[in-house]
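Coordinate analysis (summary)
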Amino acid sequence: MVLELHVWGPAFSLPSIEAQCLATIAYFSLAVPKDAWVLIASSDPSVSPTNELPAVKNGTTWVSRFRNIVDYLRQYSNGAWDLDKELSGIDRADNIAFSSFVESRGQPLLDLSLHVSSENYYNRTSPAYGAILQWPNQWIIPPRLRSAAKSRTEHLGLSSLDLQAMEDQRKREHSAAVAAGQIPKNLIQRPRDTVSSLLGKTPQQNQFKLEALTAELFEPLEEILGEKTYLLSDGGATTVDCLALGYLSLILIPDLPYSFLRSAMQAKAPRLSTYTERLRQRCYGTVGAEVSHAFDEARRPITDATPLPWQPPQRASLATVGSTLLNTLADATPILRDIRASERLRQAAQSPDSGLSGIESQALSEYATGQKKDVFVSIAAVAGGVAALIAYMAHVGFLDISFREEEGQWEEDEEHDEEKPKGEEAGSEFPLPEPESISAADFLRGI
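Residues numbered from 1 in each chain as written. Predicted model: local features only at pLDDT ≥ 70, side-chain atom pairs only at ≥ 80, totals over all residues. Heavy atoms only, no water.

In the annotation of an unreviewed UniProt entry, the entry for the protein chain reads Mitochondrial import receptor subunit, and the organism field reads Aspergillus hiratsukae. The heading Subcellular location (unreviewed entry) in the UniProt record of the protein chain holds the text "Mitochondrion outer membrane". (UniProt positions renumbered as here; feature names shortened; annotations may be inferred.)

Next up, the structure:
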């Protein structure tokens, strides 16, 4: 049976816009025969039961995440599709350690470059997602991904890369200064900064942080690679090479307005840059991937220049679009959002490919269930409090007194209308006096 590899779609001349997807594509390209799999740029995490990409579908079986997919391919092929089968015990340990190192250091840098940086996000990343996403996901998913990236990198203290946040902060400070009478109201604000000009004003802090973050990734990898063809040996690519290619290709290849990552990699790790380009051409082809390759109904022939077996994804049905809109609305509702988050956490903990032990899975599942119960208890407490307040007000007669006061006011208004003088018009605030009777003789004498 042909395996289906579902990933985020192409961007920046790469077959995917996401590092884990690129790593999985590289592994399939090196380990799995070309006629045993197809590559589908579904760009929709909801196609997988775990709501994650990359994901492999084999009949009714779904496996997501790079490490789980690698383990599944090893078991499914009885070791034939295992890039690490020739590694010794020490090399296997290094393989796991280096892979964890690449993930932990590479993801924050990609978050800063592709999502947190306003120049890169609005000019490159967001349009790239818009080209591979179907409606309405093209308006929903990119802001959600950026928000998650900003949360993951908040501890790094580089929020100045987000010009919109800096602009909002400046507006708040400006409003506070106006309210305090420190500056005139008609003060013209300065034009919007760019990342380069903004970092140029505070180079000692921001540039040092970026230099340190890039050095933590590139310098150790440059030393590990040395003069070898691959990270672990000259014999052949392994799992860590695929994972490194996924992250390093997104650093080296994209042409971004603020390319601090690519500049740092080329300056600090020239051998690593050459290694990334060489492995990229081997796994993804010498011809850059385009969005049309992923959505072309006429299957392109597999060649050395384009070695990836693309298959166009299915178009979203009306039911899928409606489900997406309802899920988005539910996630935007505070109470439903908490309930759904707890349920997704419970399902992820109980998933067979969660990577957790039995005790960890049970503990996380119980935690998620407890969170969900807490939400229901809070709702019940609020509803009970409101009901008790209404019952108390009715018991002490407050509601009855208020109703009677209104009835009494209505009765007084009716009696007042009945007692009005005949010459007084209803609703007139200044009634006219009644005319006095006068005789004709008096009228003539007055003239």
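Quick look at the environment of alanine 289 now. Mapped onto the secondary structure, alanine 289 falls in the loop between helix H11 (270-284) and helix H12 (291-295). Overall, alanine 289 belongs to the buried group, its relative accessible area being 12%. With 17 residues separating them in the primary sequence, alanine 289 and threonine 306 have C-alpha atoms 8.0 Å apart. Apart from the residues within four sequence positions on either side, alanine 289 is in contact with Pro10, Ser13, Leu14 and Pro15. (Helix = DSSP H or I, 4+ residues; strand = E, 2+ residues; numbered from the N terminus. Buried < 20%, exposed > 50% of the residue type's maximum accessible area, 1.4 Å probe, protein only. Contact = heavy atoms within 4.5 Å.)

A word on the sheet that holds strand S3 (residues 55-58). Read across the open sheet, the four strands follow the order S2-S1-S3-S4; overall the sheet is mixed. Strands with a single pairing partner mark the edges of an open sheet, and in this sheet they are strand S2 (37-40) and strand S4 (61-64). With direction set aside, neighbouring strand axes in the sheet form an average angle of 20°. Relative to S4, S3 is paired through four bridges, and the arrangement is antiparallel. Counterpart to valine 56 in the pairing with S4 is valine 63. (Pairing = 2+ DSSP bridges. Axes fitted to C-alpha atoms, helices over the stretch in contact; angles between N-to-C directions.)

The pairing of strand S1 (residues 3-6) with S3 spans three bridges and is antiparallel. Paired with histidine 6 across the bridge in S3 is alanine 55. Between S3 and S4, which pair antiparallel and follow one another directly, the connecting turn spans two residues, one of which, glycine 59, has a positive phi of 70°.

Let's shift gears to the packing of aromatic side chains. Under the definition given, this model contains seven aromatic pairs. For the ring pair tyrosine 72 and tyrosine 76, a centre distance of 5.8 Å and an interplane angle of 15° mean the geometry is stacked. With tyrosine 72 and tyrosine 76 both in helix H2 (residues 66-76) and four residues apart, this pair spans about one turn of that helix. Between the aromatic rings of tyrosine 76 and tryptophan 81, the centroid separation amounts to 5.8 Å while the plane-to-plane angle is 45°, which identifies the pairing as tilted. (Phe/Tyr/Trp six-rings, centres within 6.5 Å; stacked < 30°, edge-to-face > 60°.)

Right, let's get into the UniProt feature "transmembrane region" (unreviewed entry) in the protein chain. The UniProt entry lists residues 375-394 under the feature "transmembrane region" (unreviewed entry), expressed in the numbering used here. Between the C-alpha atoms that bound residues 375-394 there is a distance of 29 Å. The span itself is 100% helix and 0% strand.

Let us look at the pattern of salt bridges. Evaluated as defined, the whole model comprises 10 salt bridges. Aspartate 82 serves as the salt-bridge partner of arginine 74, at 3.1 Å between the closest nitrogen and oxygen. Each of Asp71, Arg74 and Asp82 takes part in salt bridges that share partners, so that together they form one network. (Salt bridge = Lys/Arg side-chain N within 4 Å of Asp/Glu carboxyl O.)

Right, let's talk about the side chain of arginine 280 for a bit. Tracing the chain through its elements places arginine 280 in helix H11. When near neighbours in sequence (up to four residues on either side) are disregarded, arginine 280 contacts Ser13, Leu14, Leu245, Ile253 and Gly285.

Between its first and last C-alpha atoms helix H9 (residues 239-252) spans 20 Å; for 14 residues at 1.5 Å apiece the expected length is 20 Å, and the two agree. When you tally the buried positions in H9, you get 14 out of 14 residues, the bulk of the element. (Expected span 1.5 Å × (residues − 1).)

The set of residues buried in H2 consists of Phe66, Asn68, Ile69, Val70, Tyr72 and Leu73. Elements that come into contact with the buried residues of H2 comprise S1, helix H1 (19-31), S3, S4 and H9. Residue asparagine 78 follows H2 closely and has a positive phi angle near 55°.

With respect to the helices and strands, serine 29 occurs in helix H1. Judged by relative accessible area, which is 10%, serine 29 ranks as buried. At a separation of 3.0 Å, a polar atom in the side chain of serine 29 contacts the main-chain carbonyl oxygen of cysteine 283. Those residues in contact with serine 29 that lie beyond four places of it in its chain are Lys34, Trp37, Arg282 and Cys283. (Polar contact = N/O pair within 3.5 Å; in protein donor to acceptor, adjacent residues only side chain to side chain.)

It is at 7 Å that the axes of H9 and helix H10 (residues 260-268) come closest, and there the two elements cross at 110°. Relative to H10, the element H9 is oriented roughly perpendicular. Here Leu248, Ile251 and Leu252 of H9 come into contact with H10, specifically with Leu261, Arg262, Met265 and Gln266. Residues belonging to the contact of H9 with H10 are distributed by class as follows: five nonpolar, one polar and one charged. (Parallel < 35°, antiparallel > 145°, perpendicular 65-115°, else oblique. Nonpolar A, V, L, I, M, F, W, Y, C, P; charged D, E, K, R; others polar.)

Okay, the nonpolar core next. Formed by 86 residues in total, the largest nonpolar core has its most connected members in Phe28, Leu112, Phe218, Leu248, Leu272 and Tyr275. Take this core: its biggest share by element is 10 residues, from H9. Other than its neighbours up to four places away in sequence, leucine 272 contacts Phe218, Leu221, Glu222, Leu225, Leu248 and Met265. (Core = buried A, V, L, I, M, F, W, Y, C linked by side-chain atoms within 4.5 Å.)

Moving on to the state of the cysteines. The full count for this structure, using the stated rule, is zero disulfides. Of all cysteine sulfurs in the structure, the one in cysteine 283 sits closest to cysteine 242, which takes part in no disulfide; the separation is 5.9 Å. Look at cysteine 242 and you get buried, because its relative accessible area is 1%. (Disulfide = S-S within 2.5 Å.)

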